Amino acid sequence: MKALSTIAGLLAATSAFAAAPHASDGMLVDEHGMTLYTFDGKGMPDAKSCEGDCERNFPPALAAPGDKPSGALTLMHAAHGGSQWAFKGKRLYRGLMDRKPGDHSGDGLNEVWHSVRLR
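Criteria and thresholds
Residues numbered from 1 in each chain as written. Predicted model: local features only at pLDDT ≥ 70, side-chain atom pairs only at ≥ 80, totals over all residues. Heavy atoms only, no water. Helix = DSSP H or I, 4+ residues; strand = E, 2+ residues; numbered from the N terminus. Buried < 20%, exposed > 50% of the residue type's maximum accessible area, 1.4 Å probe, protein only. Contact = heavy atoms within 4.5 Å. Areas by Shrake-Rupley, 256 points an atom, 1.4 Å probe, with all protein chains shown as cover. Pairing = 2+ DSSP bridges. Disulfide = S-S within 2.5 Å. Core = buried A, V, L, I, M, F, W, Y, C linked by side-chain atoms within 4.5 Å.

Caption draft 1: Structural view of the overall build of the protein. Each helix and strand in the protein was counted, giving three helices and 10 strands. Each helix and strand of the protein, ordered N terminal to C terminal, gives the series α-β-β-β-β-α-α-β-β-β-β-β-β. With 119 residues in all, the protein has 35% of them scored as buried. Contacts in the protein between residues at least 24 apart in sequence constitute 61% of all its contacts with a sequence separation of at least 6. Element-wise, carbon and sulfur atoms account for 59% of the exposed surface of the protein, whose accessible area totals about 7,200 Å².

And the structure:
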């Protein structure tokens, strides 16, 4: 059972890494076409703004080692080391409530989470 939980943890950590975000249908998405979000609240996301565990519900879109910024896409120091993607100075997050490409269920959540629209 311990090995199973270790494997699950490794898979969760790996899935947080995102190739450089790109545009799709006027929105910024990750390499799987999943919507990326910014947090527009004060300070850092907290349990109230995330409706629970922020790192679980809105994990940071982490850059892979060697990824390079381009234009409005930049890299910021991630809380647990490494780099996190940012767009126009705002950190990017994935929304685990989304089930398929094109979903944007977290858009407007608690008036602080917003999908990145490019139009």
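Caption draft 2: Quick look at the environment of Ala20. Mapping Ala20 onto the fold places it in the loop between β1 (17–18) and β2 (22–24). Sequence separation between Ala20 and Asp67 is 47 residues, and the spatial gap between their C-alpha atoms is 7.2 Å. Ignoring any residue separated from it by four or fewer positions in sequence, one finds Ala20 in contact with Asp67 and Trp85.

Caption draft 3: Main features of unusual backbone geometry. You will see that Lys88, though not glycine, has its phi angle at about 50 degrees, which is positive. With respect to the secondary-structure elements, Lys88 resides in the loop between β7 (83–87) and β8 (90–91). The exposed category is assigned to Lys88, whose relative accessible area is 64%.

Caption draft 4: Region of interest: the sheet that holds strand β10 (residues 113–115). Taking strand neighbours across the sheet as the criterion, the three strands line up as β9-β4-β10 in an open arrangement whose pairing is antiparallel. The sheet is open, and its two edges are formed by β9 (93–94) and β10, each paired on a single side. Pairing analysis gives three bridges linking strand β4 (residues 36–39) to β10, with the strands arranged antiparallel. From the neighbouring strand, Phe39 faces β10, where its bridge partner is Trp113.

Caption draft 5: Seen up close, the pairing of strand β6 (residues 73–77). Where β6 meets β7, five bridges bridge the pair, whose relative direction is antiparallel. When the bridges of β7 are listed, Leu75 appears paired with Trp85. A loop of five residues connects β6 with β7, the two strands running antiparallel in sequence, and Gly81 in this loop sits at a positive phi of about 100 degrees.

Caption draft 6: View of the state of the cysteines. Taken as a whole, this structure holds one disulfide when the rule is applied. Between the sulfur of Cys50 and that of Cys54 lies a disulfide, 2.0 Å long from S to S. Between Cys50 and Cys54 the disulfide shows an S-S torsion of about 100 degrees. By sign, it is right-handed. You can call Cys54 buried: its relative accessible area is 14%.

Caption draft 7: Region of interest: the nonpolar core. If you look at the biggest cluster of nonpolar residues, it comprises nine residues: Leu28, Leu36, Ala61, Ala63, Leu73, Trp85, Phe87, Leu92 and Val116. Residues Phe39, Tyr93, Val112 and Trp113 belong to the second largest nonpolar core, which totals eight residues.

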